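# Structural overview for review
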Amino acid sequence: MTAPVRAWGRVLERRKAAADTFWIEVDCPSIAEHARPGQFVMLGTGLSDVAAPFLPRPFSIGAREADGRLGFLVRVFGAGTRRLSAVAPGDDLLMLGPLGQPFSLPAERSIVCLAGGVGLAPFLFVGAEARSDGREVRIVYGERTGDRVFDPELIRRITGVEPDLRTEDGSLGRRGLVIDDLDLDDRPQLLACGPDPMLRACNDLALRHDLPLQVSVEEHMGCGVGTCQGCVVLSAEGEWIKSCTEGPVFDARELAWI
Amino acid sequence: MDLSQRLLGATFQSPVLLASGTCGYGEEYASLIPLDEIGGLVTKAVSLEPRPGNPPHRVAETPGGMINAIGLQNVGLERFRSEKLPWLRENLRSASVLINVVGHSAEDYEAVVSGLDSDDGFLGYEINVSCPNVKDGTLFGTDEQALSALVNGLRALTERPLVVKLTPNVPDIGVYARICEEAGADGLSAINTFPGMLIDVEGRRPVIGNVSGGVSGPAILPMGVYLTWRAAAVVSIPVIGIGGIRSGSDALQYILAGASLVQVGTALFVDPSAPVQVQAGIAEYMERHDVARVADLVGALTIPGRD
């Protein structure tokens, strides 16, 4: 893993991609250069922006372009994401990255990404990379309601993959959850990112079918680089381990599923 | 223009240090902060035995800062000596290192200091007294007798600089500052975090896994400046100012209030270049005000009508 870089990135594009959800592209070649799918960036507005929420926030890298652009999926949950979602082209964001462990994609298996809500973000990058390597990759993407579904046309444009959409209210795509009615006959590598109950269900699914699963977890984060030890998750051995440096991607067997 | 400060038997090349708990053991920030260009760093707390730490959430945003309840998760004395101290020894040349020490009993603290004292690679100790004493559950830093006995005991064990990090959670910090000085402390750090709590109203539960935590960041700057001023006024040992510093001007408030050094902590999380920016801000101020040495600014506050 290369050492993280601190850099200001210029916002190039901000487009609304669903209710309260934005796709933001930032020019940041020094971070883009080494970024790998599953890694994240701390995004903030810097110390002099006294009106903004204080801490930066971690975001999975959603896209990396050859020209040094990075793409991020930003959904408004609270004050921090509201501030970041309000940036305009020409604004600068303070960025720290790339951070954390990426997904590891075994060559011998196809890849099935199980994405819940903003958990879609890392799989945009995974999908694009896997496609460009000629890998078979599926993106199964669920939201509670259709209005929250990230623009499927944008998913296709970023990844080249036709997403398999699921909504709980059935208003878009298939009614149901990302774990419902999956064709796992080719014994794929499962990757999952989303809310905790969804990750637990994905872990159960992987155990039931004896399939390998990597999960990208989310926990409140302070520093992003392993010093504050704020972002811990419980390991299978019963120890608190840092999601920023030891994760955010873990083999599901490394974690305690309580 | 001279940013250096002579105190604690050493020369700090700048008055800006990194605060304990925010910079790990230095290595984590090595690619992001030019550690050898700042005054120094205070390590994450070291306890006698490894500590597992608290359940999540451990951190959360608060207005103008953050709350944390990490639970002093650390690798313990022996692994600190074998895994962390060598990196500091080998990689820091001109920055000074203070090792932050915690314990549940006076014996714990004494064992850590005794265990480290003959090692190379650090200047001295910062004693974290914002910890409950297993004997009666009160914090060392809020119990006059326990604090005095603790510092006295540690003083007998080491010739190295002994800095006590004061808790703000007392009615008069001056009383505790004097107790530390009389017991043989070489310096004081003012202040540790303020106790606080956040509630998730939708879930009707505490946000922080440990229920309460310590509040840091710009929100506590005025309290830190005040308590630094109070402490510095009643002791003749140097005071290190801590709390919400993110700019040269913030640091200068502490210095004018009487701090000989400052520590930058939570601001690192917003921008790892914060300590360098703080240092540059102090230098810019000195140039603008034609101040030759940082020492000339320490305690240089004037109070109209009183001076």
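This one's a predicted model, so the numbers in the text were calculated from it and none came from an experiment.

### As for the domain arrangement of chain A
Residue and element names in this part refer to chain A.
- According to the domain assignment, chain A contains domain 1 (5-99) and domain 2 (111-216).
- Between the C-alpha centres of domain 1 and domain 2 the distance comes to 23 Å.
- Contact residues are listed per partner, giving 16 residues for domain 1 and 17 residues for domain 2.
- Put simply, the parts of the chain that give the side of domain 1 that touches domain 2 at least two residues each are strand S1 (5-18), strand S2 (21-27), strand S4 (57-60), strand S5 (63-64) and strand S6 (69-75).

### Looking at the interface of chain B and chain A
- Contact with chain B, which involves 35 residues of that partner, is made by 26 residues of chain A.
- Broken down by secondary-structure element, the contributors of at least two residues to the side of chain B that touches chain A are strand S5 (59-62), strand S6 (65-68), helix H7 (267-270) and helix H8 (274-288) of chain B.
- Top element by residues in the side of chain B that touches chain A is H7(B). It accounts for 4 residues.
- Classifying every residue of the side of chain B that touches chain A by side-chain character gives 16 nonpolar, 14 polar and 5 charged.

### Topic: helix H4 (residues 152-159) of chain A
Residues and elements named next belong to chain A.
- For H4, the set of buried residues is Ile155, Ile158 and Thr159. Relative to the axis of H4, the buried residues are bounded by an arc of 80° and lie together on one face. Opposite the buried face of H4, at more than 90 degrees from it, the exposed residues are Glu153 and Arg157.
- Lining the buried residues of H4 we find S5, S6, helix H3 (121-132) and strand S9 (137-143).
- Positioned one or two residues after H4, Gly160 has a phi angle of 75°, which is positive.

### Quick word on helix H5 (residues 196-209) of chain A
All names here are of chain A.
- For H5, spanning 14 residues, the distance from its first C-alpha to its last is 20 Å, which sits close to the expected 20 Å at 1.5 Å a residue.
- Within the span of H5, buried status applies to Met198, Leu199, Cys202 and Ala206. End-on view of H5: buried residues confined to an arc of 100°, all on one side of the axis. Set apart from the buried face of H5 by more than 90 degrees, the exposed residues are Asp196, Pro197 and Arg208.
- Next to the buried residues of H5 lie strand S8 (111-116), strand S12 (189-193) and strand S13 (213-216).
- Backbone geometry just downstream of H5 places Asp210 in the positive-phi region, at approximately 55°.

### Let's talk about the pairing of strand S16 (residues 259-264) of chain B
Residues and elements named next belong to chain B.
- Most of S16 sits inside the fold, with 6 of its 6 residues counted as buried.
- As judged from the 3 bridges shared by strand S3 (residues 16-18) and S16, these two strands associate in the parallel manner. Within S16, the position partnered with Leu17 by the bridge is Gln263.
- Summarising the sheet, strand S15 (residues 239-242) and S16 pair through 4 bridges and their orientation is parallel. Opposite Ile242, over in S16, you have Gln263 as the bridge partner.
- What joins S15 to S16 is helix H6 (residues 248-257), and the crossover it makes is right-handed.

### Details of the pairing of S9(A)
All names here are of chain A.
- Most of S9 is tucked away: 7 of the 7 residues are buried.
- In S9, alternate side chains face the same way, and those of Val137, Ile139, Tyr141 and Glu143 on one face and Arg138, Val140 and Gly142 on the other are all buried.
- With H3 bridging S8 and its parallel neighbour S9, the resulting β-α-β unit is right-handed.
- Across 4 bridges, the pairing between S9 and strand S10 (residues 164-167) is parallel. In the strand pairing of S10, Val140 is matched with Asp164.
- Regarding the hand of the β-α-β motif, the stretch spanning S9, H4 and S10 is right-handed.

### Remarks on the sheet that holds S15(B)
Residue and element names in this part refer to chain B.
- Spatially, S3-S4-S7-S8-S9-S10-S15-S16 is the arrangement adopted by the 8 strands of the closed barrel, whose pairing is parallel. Averaged over all adjacent pairs, the angle separating strand axes in this sheet is 25°, with direction ignored.
- Direction of pairing for strand S8 (residues 124-128) relative to strand S9 (residues 162-166): parallel, over a ladder of 4 bridges. Bridge assignment links Asn128 to a residue of S9, and that residue is Lys165.

### Side note on the sheet that holds S8(A)
All names here are of chain A.
- Taken in spatial order, the 7 strands of this open sheet run S11-S10-S9-S8-S12-S13-S16, and their pairing is mixed. Both outer strands of the open sheet, strand S11 (174-175) and strand S16 (249-251), are each paired with one neighbouring strand and no more.
- In this structure, S8 lies alongside S9, joined through 6 bridges in parallel fashion. The residue bridging Ala115 from the neighbouring strand is Tyr141, located in S9.
- The strands touched by H3 are S8, S9, S12 and S13; relative to S9, the strand with the most contacts, the crossing angle is about 165°.

### Things to note about the nonpolar core
- Val41(A), Cys113(A), Leu114(A), Leu188(B) and Val262(B) are the most contacted members of the largest nonpolar core, which totals 172 residues.
- Top element by residues in this core is H3(A). It accounts for 7 residues.
- Each of two domains, domain 1 (5-99) and domain 2 (111-216) of chain A, supplies a minimum of three residues to this core.
- Excluding its chain neighbours within four sequence positions, the residues that come into contact with Cys113(A) are Phe123(A), Val126(A), Gly127(A), Val137(A), Arg138(A), Ile139(A), Val140(A) and Leu191(A).

Rules behind the numbers
- Residues numbered from 1 in each chain as written.
- Chains lettered and ligands numbered in written order.
- Predicted model: local features only at pLDDT ≥ 70, side-chain atom pairs only at ≥ 80, totals over all residues.
- Domains from an automatic or database assignment.
- Contact = placed C-beta atoms within 7 Å.
- Helix = DSSP H or I, 4+ residues; strand = E, 2+ residues; numbered from the N terminus.
- Nonpolar A, V, L, I, M, F, W, Y, C, P; charged D, E, K, R; others polar.
- Buried ≥ 20, exposed ≤ 12 C-beta atoms within 10 Å, placed from the backbone.
- Arc of directions from axis to C-beta.
- Expected span 1.5 Å × (residues − 1).
- Pairing = 2+ DSSP bridges.
- Right-handed = clockwise from strand over helix to strand, strands pointing away.
- Axes fitted to C-alpha atoms, helices over the stretch in contact; angles between N-to-C directions.
- Core = buried A, V, L, I, M, F, W, Y, C linked by C-beta atoms within 7 Å.

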